[in-house]
Amino acid sequence: MSDEAVRVELTDGLQGAKLSGELDIAVYEKLTAELAPLFEATGDLILDLSDVAFVDSSTIRLFVRLQQSRKDTGSVVLLRPQPHVARVLAVSGVGELGMRVQDQT
Amino acid sequence: MSDEAVRVELTDGLQGAKLSGELDIAVYEKLTAELAPLFEATGDLILDLSDVAFVDSSTIRLFVRLQQSRKDTGSVVLLRPQPHVARVLAVSGVGELGMRVQDQT
Amino acid sequence: MSDPTLRIVFPADAAELRDVRHRIAAWAAPYLSASDVEDLKLAVTEACANAVQHSGTQEIRVTISLDGSCVEVVVEDDGVYQMHLSGVAGDPGAHRGLILMAAMVDDLSLQRGTEKRTGTRVRLVKCPA
Amino acid sequence: MSDPTLRIVFPADAAELRDVRHRIAAWAAPYLSASDVEDLKLAVTEACANAVQHSGTQEIRVTISLDGSCVEVVVEDDGVYQMHLSGVAGDPGAHRGLILMAAMVDDLSLQRGTEKRTGTRVRLVKCPA
Ligand SMILES: Nc1ncnc2c1ncn2[C@@H]1O[C@H](COP(=O)(O)OP(=O)(O)O)[C@@H](O)[C@H]1O
Ligand SMILES: Nc1ncnc2c1ncn2[C@@H]1O[C@H](COP(=O)(O)OP(=O)(O)O)[C@@H](O)[C@H]1O
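If you're wondering where the values come from, they're calculated on a predicted model, not measured in any experiment.

Draft legend 1. A look at the overall build of chain C. If you tally the helices and strands in chain C, you get three helices and five strands. Across chain C, helices and strands are ordered from the amino to the carboxyl terminus as β-α-α-β-β-α-β-β. Its C-alpha atoms give chain C a radius of gyration of 15 Å, within 12% of the compact-globule value 14 Å for 129 residues. With respect to the three principal axes, the spread of C-alpha positions in chain C is 45 × 30 × 25 Å. In chain C, which comprises 129 residues, the proportion classed as buried is 58%. When contacts within chain C are restricted to residue pairs at least 6 apart in sequence, long-range pairs at least 24 apart make up 60% of them. Here chain C displays about 5200 Å² of accessible surface, and carbon together with sulfur accounts for 49% of that area.

Draft legend 2. A look at the packing of aromatic side chains. Inspection of the entire model under this criterion finds two aromatic pairs over all chains. Geometrically, the ring pair formed by Trp27(C) and Tyr31(C) is tilted, given 5.1 Å between the ring centres and 40 degrees between the ring planes. Look at Trp27(C) and you get buried, because its relative accessible area is 12%. Note that Arg21(C) overlies the ring of Phe54(A), its terminal NZ or CZ placed 3.8 Å from the centroid.

Draft legend 3. Up close: the site of ligand 2. Of all residues adjacent to ligand 2, which total 15 residues, the nearest are Asn50(D), His54(D), Gln82(D), His95(D) and Leu98(D). Site remark: ligand 2 is flanked by residues from chains C and D. Take Gln82(D): an N or O atom from its main chain is 2.6 Å from an oxygen atom of ligand 2. Here an oxygen atom of ligand 2 sits 2.6 Å away from a polar atom, N or O, in the side chain of His95(D).

Draft legend 4. Local environment of the interface of chain C and chain D. Tallying the contact residues gives 27 residues for chain C and 27 residues for chain D. Overall, the association of chain C and chain D removes approximately 2100 Å² of surface from exposure, summing both partners, and the carbon and sulfur fraction of that is 53%. Of all residues in chain C, Ile99(C), Asp106(C) and Arg112(C) bury the most surface against chain D, accounting for 24% of the area lost on that side. At the junction of chain C and chain D, the tally comes to two salt bridges. With a closest N to O distance of 3.8 Å, Arg112(C) and Asp106(D) form a salt bridge. On the surface where chain C and chain D come into contact, there are nine residue pairs in polar contact (both at pLDDT 80 or more). Those elements that provide at least two residues to the side of chain C that touches chain D are α3 (97-104) and β4 (107-111) of chain C.

Draft legend 5. Representation of the sheet that holds strand β2 (residues 16-22) of chain B within the structure. Residue and element names in this part refer to chain B. Judged by pairing direction, the sheet is mixed, and its five strands sit side by side in the order β1-β2-β3-β4-β5 without closing on themselves. The open sheet is flanked by β1 (7-10) and β5 (100-102), the only strands paired with a single partner. Strand-to-strand, the axes of this sheet are offset by a mean angle of 20 degrees, without reference to chain direction. Sheet topology note: the strand β3 (residues 45-54)/strand β4 (residues 76-79) ladder contains four bridges and is parallel. Residue pairing for β4: leucine 45 is matched across the bridge by valine 76.

Draft legend 6. Looking closely at the site of ligand 1. Ligand 1 sits among 15 residues. The nearest are Asn50(C), His54(C), Gln82(C), His95(C) and Leu98(C). Near ligand 1, the surrounding residues are drawn from chains C and D. Between ligand 1 and the protein, one listed contact pairs an oxygen atom with a side-chain N or O atom of His54(C) at 2.7 Å. With respect to ligand 1, the side chain of Tyr81(C) contributes an N or O atom lying 3.0 Å from an oxygen atom. Computed on the free molecule, ligand 1 has an accessible area of 530 Å², of which 93% lies beneath the protein chains in the complex.

Draft legend 7. Region of interest: the relation of the copies chain C and chain D. Overlay of chain C on chain D (RMSD 0.0 Å): rotation 180 degrees, translation along the axis 0.0 Å. In the structure described here, the two chain copies are related by an operation that fits a two-fold rotation axis. Of the residues that chain C buries at the interface, 100% are likewise interface residues in chain D, meaning the two copies contact each other through the same surface.

Draft legend 8. Inspection of the confidence of the model for chain C at higher detail. In this model, chain C carries an average pLDDT of 94, and 95% of its residues clear a pLDDT of 70 or more. Per the prediction output, this complex has pTM 0.95; the corresponding ipTM is 0.94.

Draft legend 9. Highlighting the state of the cysteines. Residue and element names in this part refer to chain C. Inspection of the entire model under this criterion finds two disulfides over all chains. The residue that forms a disulfide with cysteine 70 is cysteine 127, at a sulfur-sulfur distance of 2.2 Å. Because the torsion about its S-S bond is 100 degrees, the bridge between cysteine 70 and cysteine 127 counts as right-handed. Taken together, the positions of cysteine 70 in strand β3 (residues 70-76) and cysteine 127 in the segment after β5 (121-126) put the pair 57 residues apart, joining distant regions of the chain. A residue is classified by how much of its surface remains accessible, and cysteine 70, at 12% relative accessible area, is buried.

Draft legend 10. Representation of the pattern of salt bridges within the structure. Throughout the structure, instances matching the rule amount to 36 salt bridges over all chains. Linking Glu22(A) and Arg18(C) is a salt bridge whose minimum nitrogen-to-oxygen distance equals 3.5 Å. Taken together, the residues span two chains, with Glu22(A) in strand β2 (residues 16-22) and Arg18(C) in helix α1 (residues 17-28). A residue is classified by how much of its surface remains accessible, and Arg18(C), at 24% relative accessible area, is partly exposed. Notably, a salt bridge pairs Asp39(C) with Arg87(A), separated by 2.6 Å at the nearest N-O pair. You can see Asp39(C) sitting in helix α2 (residues 34-55) and its partner Arg87(A) sitting in helix α3 (residues 83-91), one on each of two chains. Judged by its relative accessible area of 5%, Asp39(C) is buried. Among the ionic contacts, a cluster of salt bridges with common partners joins Glu22(A), Asp24(A), Arg18(C) and Arg21(C).

What counts, and at which threshold
Residues numbered from 1 in each chain as written. Chains lettered and ligands numbered in written order. Predicted model: local features only at pLDDT ≥ 70, side-chain atom pairs only at ≥ 80, totals over all residues. Heavy atoms only, no water. Helix = DSSP H or I, 4+ residues; strand = E, 2+ residues; numbered from the N terminus. Rg over C-alpha atoms; globule rule 2.2 N^0.38 Å. Buried < 20%, exposed > 50% of the residue type's maximum accessible area, 1.4 Å probe, protein only. Contact = heavy atoms within 4.5 Å. Areas by Shrake-Rupley, 256 points an atom, 1.4 Å probe, with all protein chains shown as cover. Phe/Tyr/Trp six-rings, centres within 6.5 Å; stacked < 30°, edge-to-face > 60°. Lys NZ or Arg CZ within 6 Å of the ring centre and 35° of its normal. Near = heavy atom within 4 Å. Polar contact = N/O pair within 3.5 Å; in protein donor to acceptor, adjacent residues only side chain to side chain. Buried area = accessible area lost by both parts, 1.4 Å probe. Salt bridge = Lys/Arg side-chain N within 4 Å of Asp/Glu carboxyl O. Pairing = 2+ DSSP bridges. Axes fitted to C-alpha atoms, helices over the stretch in contact; angles between N-to-C directions. Least-squares fit on C-alpha atoms with pLDDT ≥ 70 in both. pLDDT = per-residue confidence, 0-100. Disulfide = S-S within 2.5 Å.

As structure tokens, then:
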């Protein structure tokens with residue numbers, strides 16, 4: 001059900017991905033699997049969230065795991081979240097965890 | 001007030017410490033300061049909790065920070081906690097965070 | 001006026017959550033701002049996700065109704081509240097569900113299911129700004 | 001019978017917490033097992049610690065009373081609930097207060113203080129096993 005509504009497009013050179021749809025525990029495994037190559041990459045990682053309509057605590061957890069995988073080589077950049085997604089990110093303290101929320105690359 | 005009731009005795013060779021009293025946010029800074037040398041040590045770290053009468057979430061956080069400081073060289077061993085302290089440790093999932101709770105060295 | 005209370009009963013399956021929050025959002029839309037509806041969607045999703053992941057329940061019951069000018073959602077399962085956190089070692093982003101729920105609503109209540117009296121009940125109240 | 005309700009009002013200072021939980025424990029001892037009293041001490045300490053650390057309140061009010069055969073503790077401050085988690089980067093042991101409270105009592109309610117209606121109110125109910 002929910003699965004169909006979620007899309008992951010990795011950007012060339014593994015510098016990030018564009019996510020679309022509603023991200024929740026129903027798609028956590030699928031997301032993790034599709035983002036797997038990014039866990040091996042180093043440097044900044046840009047996640048385009050402009051087409052993400054919903055995030056939950058499992059999404060935050062996934063972003064934190066991606067950030068951890070950077071091991072100080074760079075940050076996870078959360079690009080163009082919709083206002084309510086930005087609010088969840090802020091409330092979750094993603095900034096304190098080393099990520100950046102940005103409206104522009 | 002609370003401060004007076006808390007004691008930290010580092011063991012020789014920086015393999016651990018014996019803590020006594022009630023551990024809460026009122027003594028968090030004091031505890032962190034007195035345990036500072038242990039953050040630099042490697043290997044297992046034995047914290048004798050037999051005389052600890054109370055722990056709170058800040059205590060768990062301190063133990064987790066100590067565990068993190070091991071960086072895979074060893075574990076924080078939480079020795080002889082009183083039953084209700086053991087319960088708080090279990091509920092907090094210290095095991096999942098790599099620590100060991102033991103009744104014997 | 002007809003009683004607008006809506007009751008949704010569904011199997012404890014993560015794939016249901018999307019539909020549940022959409023129905024909650026549609027119900028609440030006349031009473032709350034769009035932003036408050038988003039907050040409520042997240043809180044309800046987290047409460048249901050906990051029932052799916054931790055309670056062992058077969059079904060989940062969600063009720064949405066008005067409490068004065070506020071919207072009240074109750075999420076009930078038939079399980080036992082798990083005291084012990086489980087999860088992956090040293091994952092600093094884990095276990096944020098309860099904190100997010102608390103941040104998203106005006107009033108949060110959690111009555112836990114025990115062996116003796118099974119069924120955890122989470123009550124979420126969102127009031128117009 | 002006299003009303004046994006106890007009300008403790010104290011400055012928002014971490015050094016007070018020890019005394020507060022001792023008084024709560026002494027009050028609750030006739031009604032709960034020793035182990036349940038320990039659970040309640042922890043839940044009350046966490047609720048008060050949050051008021052000290054996050055609410056900006058000057059004073060904290062703790063009320064303990066009976067609710068049927070259960071013990072009810074209400075912790076109130078005069079502050080505004082902080083939605084945004086603060087803390088140290090990547091500290092996987094942080095932010096466990098709410099989760100611990102939920103695990104320690106049978107019923108937890110959190111009514112948050114807002115700019116419009118200040119004062120966060122936490123209700124903790126512990127019932128005999
Ligand atoms: N409905 C429920 N049934 C059983 N246990 C629950 C329920 N809701 C919460 N819990 C317990 O509370 C803990 C904290 O929940 P939460 O803050 O949402 O984080 P997470 O679900 O990531 O662990 C869970 O790990 C679980 O032990
Ligand atoms: N009484 C309160 N007043 C204001 N904010 C609060 C209060 N209690 C909790 N909070 C908010 O809820 C968050 C989660 O609290 P908690 O789970 O106890 O973890 P921690 O206190 O370690 O952050 C706090 O970081 C704070 O933002």
